[in-house]
Structures are given as structure tokens and as C-alpha cells.
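The lines below spell out each chain.
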Amino acid sequence: MVLGKFVEVGRVVKINYGPQEGKLATIIEILNDKRVLIDGPTTGVQRQVIPIRRLTLTKFNLKGATRGARTGVITKAIKKSDPFAQYQNTIAAKKVAKKALRAKLTDFDRFRVMILRKRRSALLSTQLKVLRKNNAGGKAAAQAKGGNKKK
Amino acid sequence: MPAKKRTVRIGNWYKSDDEKVHFTRKRKAPRPAKLRKIVPGQVLILLSGRFQGKRVVFLKQLKSGLLLVTGPFKINGVPLKRVNSAYVIPTSTKVDVTGVNANQIDDDYFKRTQAQRRKNEQGFWAKRGELTAEQQTAEKTRLDGKRNTQKSVDAALITAIKKTQLLKQYLGARFTIGKTTRPHELVF
């Protein structure tokens, strides 16, 4: 297994513990083997020192982030290439968004979801029946040829 | 100025130990329950009684503090009914009730009549025939009146409900809790 995600300047990280849980930020400076300085001007994360234990590394990098760069420099770099938006397109981010949406559903929404899922599954089952029937037609012909009495 | 001395009057009567003090209401009339943020037209989930789990439409709060709700009757079988707001979950779904007129309905509408009380007195074996002829016709007209009030109140409601997709089916279904539902996490 090749290690791909490194703790480095410019690495986009997700905070997974604390009051800023769920927010994205970039690593600006590495202090020691346990703490880093992060900043997320566009995502609402104040420039702060945070233990690496509270972060999850993503596969994205902020291009143009230099060691110890000020918030203004970081904001400019984000405007040029927004890795945070790229992260929102990943499957992991979408799963989190889906979960958040589902938690917000009202009673009526839940009812509608239930009805629509039932309708979708009904459509799927009718299609499946059609496919099975077509397949079965082929099978019956083969069996008839083989002299099988069972239908 | 010398402070007023508080004097405690000791009477001639001392309560014995085994005399129970019963709860006496200090107020003459009960204070109507303060309405939580429940708005006319809001869909409520009934939590107790014969219609538990049913989703009904809230019409107004009566003077006694109870909530006046209706199914509507055609949709889920709940008639015009009084309901205690403590046994209700308000949902965020609202129906447009601008055309609905429930002004003439108040607590007297739900009062038991003489004929009903008589029937209840006689209990299980009471038969309709035990009412006099005029009482029977009175009962019949009373029930017809109730049916008409129900219909007139529900008519405007049902047209409003039909405008939203699946709302009619939603009101017809009961609210249930399954194995995986977490009621404390549900948003209503």
C-alpha cells in the first residue's frame, strides 16, 4: 500500500472532533509530530493550532499555499483553485450531505419518501418480471428441444 | 419606626394526624392551557385514545383549552373532536384553512344531551327503542345536524388538502414507530 496522503503544507483536511467538526481547512505549518497550524478562511475555520489527531486528511492540496502563509495569501490561492469545492464532489462528502438531509426530513417528507421508494421498487419489479419472462422464453425453448417434459 | 411584628393566630382547631387534606382548587375556573406554537391548519399527530397515531388538522383552541381538530372525517375517520394539547405532536406541515369556518363550534357542541345521558345510565342493554318517539326524532335531527356541520367544515379543508400531492394519503395513514426509528432524533 503506497502512502498517498501526507501531512504537508497545503493539504486539505477535515476536522473530525471539536466545535468545528465537519469543516474543511488547509494545513499552513507543521509545528511538531502532533500539532499543525490550519486555516480555512472560506469555510469558517479560524486560523488555529490543532492536534493532527483531530483531522482527517483528504486527497486534495491547495496549490499556492506556502509555509506559514497569511490568511490573505491563502484566500487568494483558494480563489484561483478551489480544492474545497472539489472535495464536495467526492462520494464521502456526498454521503455526509445525504445524512444531514435525511436528518432534517419532516414527518410529511418521510411519508413521501416512503411512497416514492415503494413506487420505484414496483417499477423495478415489473421490469425484472419482463426480463425474467424473456429469459424464461429462451430457457423453455431449449428444454423443449431437449425433450424435457417439465415446463 | 418600629418594625411590625408578625402575629400568628392559633385557633382552637388542630388537625389530627390521620386527617387527609384533599386537593382544593383555589381558582374557580381552570385556566385554559397555553397553546404551544400550534397554528390553525397545522397537522397534529394524536398520541392517545382510539385515534392514536392518526394525523389530523388543527382548527382552533376552544375556551376550555382543548384543541378542536378534524380528520377530515372523509379522509381518516376522525370527526370534529376535542383533544388535549399534551397528547399531541405538532408537525411542521400546514394546511390552508382560510376557507374553513369553525366559529360556531365550541365546548357546548360536545356536551352530552339528556337522551345520551339516559342511554348511558341504562348501560349496555339500553336499546334505541327505550327512548320516546320524540326523543328518537330529536336524536336523529341532532345527529343529522352533526353530520352536516362535519361536512360543511370539512368541505373547504378537503379542497385545500387536495392541492398538495400525497397530503390526502399522508392524513389517511397512521404514524408508527418501527424498530429503527429514533423518536428523539425525529424532526416533525
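Residues numbered from 1 in each chain as written. Chains lettered and ligands numbered in written order. Predicted model: local features only at pLDDT ≥ 70, side-chain atom pairs only at ≥ 80, totals over all residues. Heavy atoms only, no water.

### Some thoughts on the sheet that holds strand β2 (residues 55-61) of chain B
Residues and elements named next belong to chain B.
Alright, step 1. Strands sit in the order β4-β3-β2-β1-β5 across an open sheet of 5 strands; the sheet is antiparallel. If you trace the sheet from one side to the other, it starts and ends with β4 (81-83) and β5 (88-94), each paired once. For this sheet, the mean inter-axis angle between neighbouring strands, taken without regard to orientation, is 45°.
Alright, step 2. Relative to β4, strand β3 (residues 67-70) runs antiparallel, the two sharing 3 bridges. (Pairing = 2+ DSSP bridges. Helix = DSSP H or I, 4+ residues; strand = E, 2+ residues; numbered from the N terminus. Axes fitted to C-alpha atoms, helices over the stretch in contact; angles between N-to-C directions.)

### Side note on the pairing of β2(B)
Residues and elements named next belong to chain B.
Alright, step 1. Burial analysis of β2 places 5 of its 7 residues in the buried class, which makes it a mostly covered element.
Alright, step 2. Pairing geometry for strand β1 (residues 42-46) and β2, over 3 bridges, is antiparallel. Each residue of the ladder has a partner; that of I45, found in β2, is R55.
Alright, step 3. Alignment of β2 against β3, held across 4 bridges, turns out to be antiparallel. Residue pairing for β3: F58 is matched across the bridge by V69.
Alright, step 4. Here β2 hands over to β3 after 5 residues, with G65 in that stretch at a positive phi of 100°. (Buried < 20%, exposed > 50% of the residue type's maximum accessible area, 1.4 Å probe, protein only.)

### Examining the packing of aromatic side chains
Alright, step 1. What the rule picks out here adds up to 5 aromatic pairs over all chains.
Alright, step 2. The interplanar angle of 90° and the centroid separation of 6.3 Å between the aromatic rings of F60(A) and Y87(A) together place this pair among those described as edge-to-face. Highlighted residues: F60(A) in strand β5 (residues 55-61) and Y87(A) in helix α2 (residues 83-88), separated in sequence by 27 residues.
Alright, step 3. For Y87(A), a relative accessible area of 11% corresponds to the buried category.
Alright, step 4. Between Y109(B) and F110(B), the aromatic rings sit 5.1 Å apart at their centres with planes inclined by 85°, giving edge-to-face as the arrangement. (Phe/Tyr/Trp six-rings, centres within 6.5 Å; stacked < 30°, edge-to-face > 60°.)

### Some details on the side chain of D107(B)
All names here are of chain B.
Alright, step 1. Tracing the backbone through its elements, the reader meets D107 in the loop between β5 and α2 (114-122).
Alright, step 2. Side chain to side chain, D107 and S64 meet in a polar contact 2.9 Å long.
Alright, step 3. Among residues more than four places away in sequence, those in contact with D107 are L62, K63, S64 and R82. (Polar contact = N/O pair within 3.5 Å; in protein donor to acceptor, adjacent residues only side chain to side chain. Contact = heavy atoms within 4.5 Å.)

### Concerning a positive patch on the surface
Residue and element names in this part refer to chain A.
Alright, step 1. Together, K95, K98, R102, R117 and R120 make up a positively charged patch on the protein surface.
Alright, step 2. Of all the elements in the fold, those that place two or more residues in the positive patch are α3 (91-104) and α4 (107-146).
Alright, step 3. Among the elements that make up the positive patch, the one with the highest residue count is α3 (3 residues).
Alright, step 4. Along the chain, R102 turns up in helix α3. (Patch = residues over 30% accessible without salt bridge, like charges linked within 9 Å, V, L, I, M, F, W, Y side chains within 5 Å. Areas by Shrake-Rupley, 256 points an atom, 1.4 Å probe, with all protein chains shown as cover. Salt bridge = Lys/Arg side-chain N within 4 Å of Asp/Glu carboxyl O. Lys, Arg positive; Asp, Glu negative; His and termini not counted. Charge placed at Lys NZ, Arg CZ, Asp CG, Glu CD.)

### Observations regarding the interface of chain B and chain A
Alright, step 1. If you look at the interface, chain B gives 16 residues, while chain A gives 11 residues.
Alright, step 2. Buried surface at the junction of chain B and chain A, both sides included, amounts to about 990 Å², of which 65% is carbon and sulfur.
Alright, step 3. Counting every contact that joins chain B to chain A gives 1 salt bridge.
Alright, step 4. Two residues, R55(B) and D107(A), come together in a salt bridge whose shortest N-O distance is 3.0 Å.
Alright, step 5. Inspection of the chain B/chain A interface yields 3 residue pairs in polar contact (both at pLDDT 80 or more).
Alright, step 6. Those elements giving two or more residues to the side of chain B that touches chain A turn out to be β5 and α4 (167-172) of chain B.
Alright, step 7. Its residues assigned to classes, the side of chain B that touches chain A shows 9 nonpolar, 6 polar and 1 charged. (Buried area = accessible area lost by both parts, 1.4 Å probe. Nonpolar A, V, L, I, M, F, W, Y, C, P; charged D, E, K, R; others polar.)

### Topic: the pattern of salt bridges
Alright, step 1. One pass over the structure, following the stated rule, counts 11 salt bridges over all chains.
Alright, step 2. Between R11(A) and E8(A) there is a salt bridge, and its shortest N-O distance comes to 2.7 Å.
Alright, step 3. Taking relative accessible area as the criterion, E8(A) reaches 27% and is therefore assigned partly exposed.
Alright, step 4. Two residues, D39(A) and R47(A), come together in a salt bridge whose shortest N-O distance is 3.2 Å.
Alright, step 5. When salt bridges with common partners are traced through the structure, they connect D107(A), R110(A) and R55(B) into a single cluster.

### A short note on the confidence of the model for chain A
In low-pLDDT regions, the fine details of the predicted coordinates are not to be read closely.
Alright, step 1. Averaged over all residues, the pLDDT of chain A equals 88, while 89% of them reach at least 70.
Alright, step 2. Low confidence marks residues 146-151 of chain A, where pLDDT is under 50. Its contacts with residues over four positions away, or in another chain, come to 3 contacts. (pLDDT = per-residue confidence, 0-100.)

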